[in-house]
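Structural features, examined
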Amino acid sequence: MTSYEEAIARCYSTWGKTYYEEYYGSNSPYPPVHTELLRSILKENKVNNLLDAGCGPASFLRDVIKEGWDLYGFDLTPEMVEEGKKVFADNNLDPERIWKGSIIEKSSFRIPVGNTPEFDAAVCGGVLPHIPEEHDVTVIENLRDSVRPGGIVALEARNQLFAMFTMNKYSYDLFVEQFIRPEILKKNLGENADKIDEVTEQMKFQFRMDLPPVRKGKADEPGYDEVLSRTHNPFILRQQFEQAGLKNIKTMFYHYHCVPPMFAGSMGGEFIPQSIALEDPNDWRGHFMASAFYMIGTKA
Ligand SMILES: C[S@@+](CC[C@H](N)C(=O)[O-])C[C@H]1O[C@@H](n2cnc3c(N)ncnc32)[C@H](O)[C@@H]1O
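Fair warning: this is a prediction, and the values are worked out from it, not measured in the lab. Sequence order sets the numbering: in each chain, residues are counted from 1 along the sequence as written. Totals for whole chains, interfaces and linings use every residue, but because this is a predicted model, local features are given only for residues with pLDDT of at least 70 and side-chain atom pairs only at 80 or more, for both listing and counting. Values shown for side chains rest on all heavy atoms present in the structure; no hydrogens or waters enter the calculation.

1. A closer look at the overall build of the protein
The criterion, for reference: The numbering of helices and of strands both runs from the N terminus, where a helix is a DSSP run of H or I of at least 4 residues and a strand a run of E of at least 2. Every radius of gyration here is taken over C-alpha atoms, with the globule rule written as 2.2 Å times N^0.38, N being the number of residues. With a 1.4 Å probe rolled over the protein chains alone, any residue whose accessible area is under 20% of its type maximum counts as buried; one over 50% counts as exposed, and the rest are partly exposed. In what follows, a contact means two residues having at least one pair of non-hydrogen atoms within 4.5 Å.
Helices and strands together make up the secondary structure of the protein, namely 13 helices and 7 strands. Taken over the C-alpha trace, the protein has a radius of gyration of 20 Å; the compact-globule value for 300 residues is 19 Å, and the two agree within 12%. Projected onto its principal axes, the C-alpha positions of the protein cover 65 × 45 × 40 Å. Within the protein, buried positions represent 49% of all 300 residues. Long-range pairs, those at least 24 residues apart, make up 74% of the contacts in the protein with a sequence separation of at least 6.

2. Some thoughts on the packing of aromatic side chains
Convention followed: Only Phe, Tyr and Trp rings take part, Trp by its six-membered ring, and two of them pair if their centres are within 6.5 Å. Stacked means planes under 30 degrees apart, edge-to-face means over 60, and tilted covers everything else. Placement of a charge over a ring requires the Lys NZ or Arg CZ to be within 6 Å of the ring centre, with the centre-to-atom vector within 35 degrees of the ring normal.
Taken as a whole and judged by the stated rule, the model has 13 aromatic pairs. Ring centres of Tyr12 and Trp15 lie 5.0 Å apart, and the angle between their planes is 45°; on these two criteria the pair is classed as tilted. Residue Trp15 is classed as buried on the basis of its relative accessible area of 12%. Through a chain of ring-to-ring contacts, the aromatic side chains of Tyr12, Trp15, Tyr19 and Tyr23 assemble into a single cluster. When the ring centre of Tyr20 is taken as reference, the NZ or CZ atom of Arg62 above it lies at 3.9 Å.

3. Here's the deal with the site of the ligand
The condition that has to hold: What makes a residue near a molecule or strand is one non-hydrogen atom of that residue sitting within 4 Å of it. Pairing of N or O atoms within 3.5 Å defines a polar contact, subject to two protein rules: one partner must be a possible hydrogen donor and the other a possible acceptor, and residues neighboring in sequence count only if both atoms are side-chain atoms. Computed by Shrake-Rupley with a 1.4 Å probe, the accessible areas treat only the displayed protein chains as cover when residues are assessed. Ten residues, namely Ala, Val, Leu, Ile, Met, Phe, Trp, Tyr, Cys and Pro, are considered nonpolar, four, namely Asp, Glu, Lys and Arg, are considered charged, and the remaining ones, Gly among them, are considered polar.
Lining the immediate surroundings of the ligand are 20 residues, of which Gly54, Ser59, Asp75, Thr77 and Gly125 lie closest. Between Gly54 and the ligand, the recorded distance is 2.6 Å, taken from a backbone N or O atom to a nitrogen atom. Within the complex, 95% of the 600 Å² of free accessible area of the ligand lies under protein. Those elements that provide at least two residues to the shell around the ligand are α1 (3-12) and α2 (19-24). The biggest single contributor to the shell around the ligand is α1, with 3 residues. For the shell around the ligand, the residue count by class is 10 nonpolar, 8 polar and 2 charged.

4. Quick look at the environment of Phe293
If you trace the backbone, Phe293 turns up in strand β7 (residues 290-298). C-alpha separation for the pair Phe293 and Ala157, spaced 136 residues apart in sequence, amounts to 5.7 Å.

5. A closer look at the pattern of salt bridges
Selection rule: Within this document, salt bridges are pairs made up of a side-chain nitrogen of Lys or Arg and a carboxyl oxygen of Asp or Glu, the two lying within 4 Å of each other.
Applying the stated criterion to the full structure yields 16 salt bridges. A salt bridge links Asp70 to Arg97; the shortest N-O distance between them is 3.8 Å. In this pair, Asp70 is assigned in strand β2 (residues 70-75) and Arg97 in the loop between α5 (78-90) and β3 (98-100), connecting sequence segments 27 residues apart. The class for Asp70 is partly exposed, based on a relative accessible area of 37%. Under the relative-accessibility criterion, Arg97 is labelled partly exposed at 24%.

6. Considering the packing of helix α6 (residues 136-146) against helix α11 (residues 234-243)
Helix packing geometry: the angle between the two helix axes and the distance between the axes. For the record, the criterion: Convention adopted: a line fitted to C-alpha atoms gives each axis, helices being fitted over their contacting stretch, and angles between N-to-C directions are expressed from 0 to 180 degrees. When describing relative orientation, an angle under 35 degrees is termed roughly parallel and one over 145 degrees roughly antiparallel, while 65 to 115 degrees is termed roughly perpendicular and anything else oblique. Definitions for this section: a left-handed crossing has its near helix turned counterclockwise from the far helix by less than a right angle. A right-handed crossing has that turn clockwise.
Axis separation between α6 and α11 bottoms out at 10 Å; the angle between their running directions is 50°. When the axes of α6 and α11 are compared, the pair comes out oblique. Between α6 and α11 lies a crossing of right-handed hand. Contact with α6, carried on its side by Asp136, Val137 and Ile140, involves Leu237, Gln240 and Phe241 of α11 and no other residues of that element. Residue composition of the contact of α6 with α11, grouped by class: 4 nonpolar, 1 polar and 1 charged.

7. Topic: the side chain of Ser146
Among the secondary structure elements, Ser146 is positioned in helix α6. The buried category is assigned to Ser146, whose relative accessible area is 9%. Among the polar contacts made by the side chain of Ser146, one reaches the main-chain carbonyl oxygen of Leu143 at a distance of 2.8 Å.

8. Digging into the sheet that holds strand β5 (residues 147-158)
Put simply, the rule reads: Strands were regarded as paired on the criterion that DSSP finds at least two bridges between them.
The strand order β3-β2-β1-β4-β5-β7-β6 describes an open sheet built from 7 strands, whose pairing is mixed. Among the strands making up the open sheet, the edge pair consists of β3 and β6 (247-256). Taken pair by pair, the neighbouring strands of this sheet meet at an average axis angle of 15°, ignoring direction. Across 5 bridges, the pairing between strand β4 (residues 119-124) and β5 is parallel. Residue Cys124 lies in a different strand from β5, and its bridge partner there is Leu155. The strands that helix α3 (residues 33-44) touches are β1 (49-53), β4, β5, β6 and β7; relative to β6, the one it contacts most, it runs at about 160°.

9. Topic: the state of the cysteines
Here is the rule we go by: Disulfides are defined as cysteine sulfur pairs within 2.5 Å.
With the rule as written, the count across this model stands at 0 disulfides. This cysteine, Cys11, is not joined by any disulfide, and Cys124 carries the nearest cysteine sulfur, 16 Å off.

10. Observations regarding α6
Worth spelling out the cut-off: Directions pointing from the helix axis toward each C-beta atom define the arc.
When we look at burial in α6, the residues that qualify are Asp136, Val139, Ile140, Asn142, Leu143 and Ser146. Each buried residue of α6 lies within a common arc of 160° when the element is viewed along its axis, so the set occupies one face. Packed against the buried residues of α6 are β1, β4, β5 and α11.

As structure tokens, then:
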């Protein structure tokens, strides 16, 4: 493992047994709407088998056992792999079909024991945020290469453009780093370069720079916001899918927010139900009001 992978694995090490209940269970802060989204795409494409790259404790996989597909998965974090194997064994599935691996390593896409099929679909949810930018294309290519011609690739990302809606420090970062790009502007302005620092300082007063709060670990392990947890621009990820030769590309948004999250408390219990009511993977507002999306493509 690289040092950043070690930090990620430590971050997830305390989540093996509780992750499913926290994010897929009845008390999860938001229902796992992506499960139905993915399931319907996989059913539409009549898959018979499926690889979940970065499968956690077999969370999505356990929810599709009843479909009768041949299920496979791997994950970076040993505690997640252990739990995933247990879930498989408890459901009379072969625990060898869950193994330890990293999505940036091509060899991880092969089952360590026995033959690896050409998969009908490869899904990858919640993992890309933890991958350094220079490996994004490798991840897309690894997913593409693991499926048969005509197979489906579904890669989930945190939506960078959601910051257009949140009015917090993520918005400030988007405006400054992605739109304004001070370093380039400073070069163009020469001796007036410090004007940009004035502008970016003044801009801080337009956003809630104290929000959102940093998510810490449960014990002494680093928390989600203390390890690499990037967001992705859906327009750029789409281009990278195109450049990887994937076809029929679709951006499908989910986890909508009916108002910016900082106002959730003012909604008197209506924040979650009204947000769920907005869930539509194809609504253009998803570019800004949804915090996550799946990029879906078909291998030529
Ligand atoms: C947010 S969880 C999502 C788990 C699962 N995909 C789900 O949807 O429930 C992220 C998972 O990615 C795993 N992970 C992080 N970096 C990884 C990598 N480079 N390769 C494989 N898995 C990785 C973590 O161990 C963790 O289980």
